[in-house]
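Structural description and commentary
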Amino acid sequence: MQKEAIKVDVVSDVACPWCYVGKRRLESALKQWKGTPVEVTWHPYQLDPNMPAEGLDRNTYLTNKFGDMERVKPMTDRLVEAGEEEGITFNFGDKWLAVNTLPLHQLLHVAGEEGFRDQLKERFLKAYFDENLHLNKPEVIASIMAEFGWNAEKTAQIVADENIAYAVKQEIAHYQQLGVSGVPFFIINDKYGISGAQPASVFLEAFTKLSSIEVISEGDSCDPETGLC
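Remember, predicted model here, so these are calculated numbers, not experimental data.

1. Topic: the confidence of the model for the chain
When the pLDDT values of the chain are averaged, the result is 91; 92% of them are 70 or greater. Low pLDDT, under 50, characterises residues 211–217; the stretch is placed with 15 contacts to residues that sit more than four places away or in other chains.

Shown next as structure tokens:
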């Protein structure tokens, strides 16, 4: 008899580099896992909901967050190294732009209804952290969505839809009320929490211990309170 699938809810933000690493580590675990099928669902989070629509250039953003660019290099070096281990190219060049991710989550929301949220999440992360595409530009977003068969009009309508924006904000609030304050955060079968970009081995262990309610909190994550990533 087929066991009920293991459910993994992933709370993350496009603007979170450790969410990118965590996504790849989860995917690595899924490739190794030979047990009960696993169903992954992505959920929105905003590390900086007050980010201006025009975005912030790299130096302004990092200086605002950390106060001193010298503090940034060890963090980015660590990310670059972690990314290389997972097949990710992190590019924190001078063309990188921090953006408000609400419109991206609106597009992901509808993509989920149409069955390609996982693929679009990956595409946005690569565009943001590797290609340095400015994801607050309508033409850039339209070009990416065209890769998935959407025309520019549909994309613009979704971004402008206040009801979709409200639904995304409500979903974010729901997970905040559950205690999620940093991302990535993984919830397995509604009772096992994994915080941060944990190694694949941690996910594999969790899949076999679904009766546990332990929250593992040592992993790397992005904290909106401190701005540290």
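2. Observations regarding the packing of aromatic side chains
Working definition: an aromatic ring pair is given by the centre-to-centre distance plus the angle between the planes. Inspection of the entire model under this criterion finds 13 aromatic pairs. Taking the centre distance of 5.6 Å and the plane angle of 80 degrees together, the rings of Phe-90 and Phe-129 count as edge-to-face. Highlighted residues: Phe-90 in the loop between helix 3 (69–85) and strand 4 (97–98) and Phe-129 in helix 5 (residues 117–129), separated in sequence by 39 residues. Members of the aromatic cluster, joined through ring pairs, are Tyr-20, Tyr-61, Phe-90, Phe-92, Trp-96, Tyr-128 and Phe-129.

3. Some details on the nonpolar core
Of all hydrophobic cores here, the largest spans 50 residues; its most connected members are Leu-120, Phe-124 and Tyr-128. Ranked by the residues each element gives to this core, the list is headed by helix 5, at six residues. Among all residues touching Phe-124, those that are not within four sequence positions of it are Val-14, Leu-104, Leu-107, Leu-108, Leu-135, Ile-144 and Met-145. Of all hydrophobic cores here, the second largest spans 17 residues; its members include Trp-33, Phe-186, Tyr-192 and Val-202.

4. Some words on helix 6 (residues 138–146)
It helps to recall that an α-helix has 3.6 residues per turn; residues three or four apart then point in one direction. Taken together, the buried positions of helix 6 are occupied by Val-140, Ile-141, Ala-142, Ile-144 and Met-145. At its buried positions, helix 6 is contacted by helix 4 (102–114), helix 5 and helix 7 (152–160).

5. Thoughts on helix 9 (residues 200–207)
Across the eight residues of helix 9, six count as buried, placing the element largely inside the fold. Those residues of helix 9 lying buried are Ala-200, Val-202, Phe-203, Leu-204, Ala-206 and Phe-207.

6. Side note on the pattern of salt bridges
This model, assessed by the stated rule, comprises 14 salt bridges. A salt bridge links Asp-130 to Lys-126, with the nearest nitrogen and oxygen atoms 2.7 Å apart. Residue class for Asp-130 comes out buried when judged on its relative accessible area of 19%. On the basis of relative accessibility, which here comes to 33%, the residue Lys-126 falls in the partly exposed class. A salt bridge links Glu-205 to Lys-209; the shortest N-O distance between them is 2.8 Å. On the basis of relative accessibility, which here comes to 37%, the residue Glu-205 falls in the partly exposed class. Residues participating in the shared-partner salt-bridge network are Lys-23, Arg-24, Glu-27, Asp-118 and Glu-122.

7. Focus: the packing of helix 4 against helix 5
How two helices pack is summed up by the angle between their axes together with the distance between the axes. Their axes nearest at 8 Å, the elements helix 4 and helix 5 cross at an angle of 155 degrees. Considering their axes alone, helix 4 and helix 5 lie roughly antiparallel with respect to each other. Packed against helix 4, whose contacting residues are Leu-104, His-105, Leu-107, Leu-108, His-109, Ala-111 and Gly-112, the element helix 5 presents Arg-117, Leu-120, Lys-121 and Phe-124 at the interface. A class-by-class count of the residues in the contact of helix 4 with helix 5 yields six nonpolar, three polar and two charged.

8. Structural notes on the side chain of Lys-121
Its place among the elements puts Lys-121 in helix 5. Buried Lys-121, no salt bridge; nearest opposite-charge side chain is Asp-13, N-O distance 5.9 Å. Of note is the side chain of Lys-121, whose polar atom sits 2.7 Å from the side chain of Ser-12. Setting aside anything within four residues of it in sequence, one finds Lys-121 in contact with Ser-12, Asp-13, Val-14, Lys-23, Trp-42, His-105 and Leu-108.

9. A closer look at the pairing of strand 6 (residues 192–195)
Both faces of strand 6 are covered, namely the face carrying Tyr-192 and Ile-194 and the face carrying Gly-193 and Ser-195. Strand direction decides the pairing type here: strand 5 (residues 185–188) and strand 6, joined by four bridges, are antiparallel. Each bridged residue has a counterpart across the sheet, and for Ile-187 the counterpart in strand 6 is Gly-193. Connecting strand 5 to the antiparallel partner strand 6 that follows it, the hairpin turn spans three residues, and Asn-189 within it adopts a positive phi of roughly 50 degrees.

So, how was this worked out
- Residues numbered from 1 in each chain as written.
- Predicted model: local features only at pLDDT ≥ 70, side-chain atom pairs only at ≥ 80, totals over all residues.
- Heavy atoms only, no water.
- pLDDT = per-residue confidence, 0-100.
- Contact = heavy atoms within 4.5 Å.
- Phe/Tyr/Trp six-rings, centres within 6.5 Å; stacked < 30°, edge-to-face > 60°.
- Helix = DSSP H or I, 4+ residues; strand = E, 2+ residues; numbered from the N terminus.
- Core = buried A, V, L, I, M, F, W, Y, C linked by side-chain atoms within 4.5 Å.
- Buried < 20%, exposed > 50% of the residue type's maximum accessible area, 1.4 Å probe, protein only.
- Salt bridge = Lys/Arg side-chain N within 4 Å of Asp/Glu carboxyl O.
- Axes fitted to C-alpha atoms, helices over the stretch in contact; angles between N-to-C directions.
- Parallel < 35°, antiparallel > 145°, perpendicular 65-115°, else oblique.
- Nonpolar A, V, L, I, M, F, W, Y, C, P; charged D, E, K, R; others polar.
- Lys, Arg positive; Asp, Glu negative; His and termini not counted.
- Polar contact = N/O pair within 3.5 Å; in protein donor to acceptor, adjacent residues only side chain to side chain.
- Pairing = 2+ DSSP bridges.

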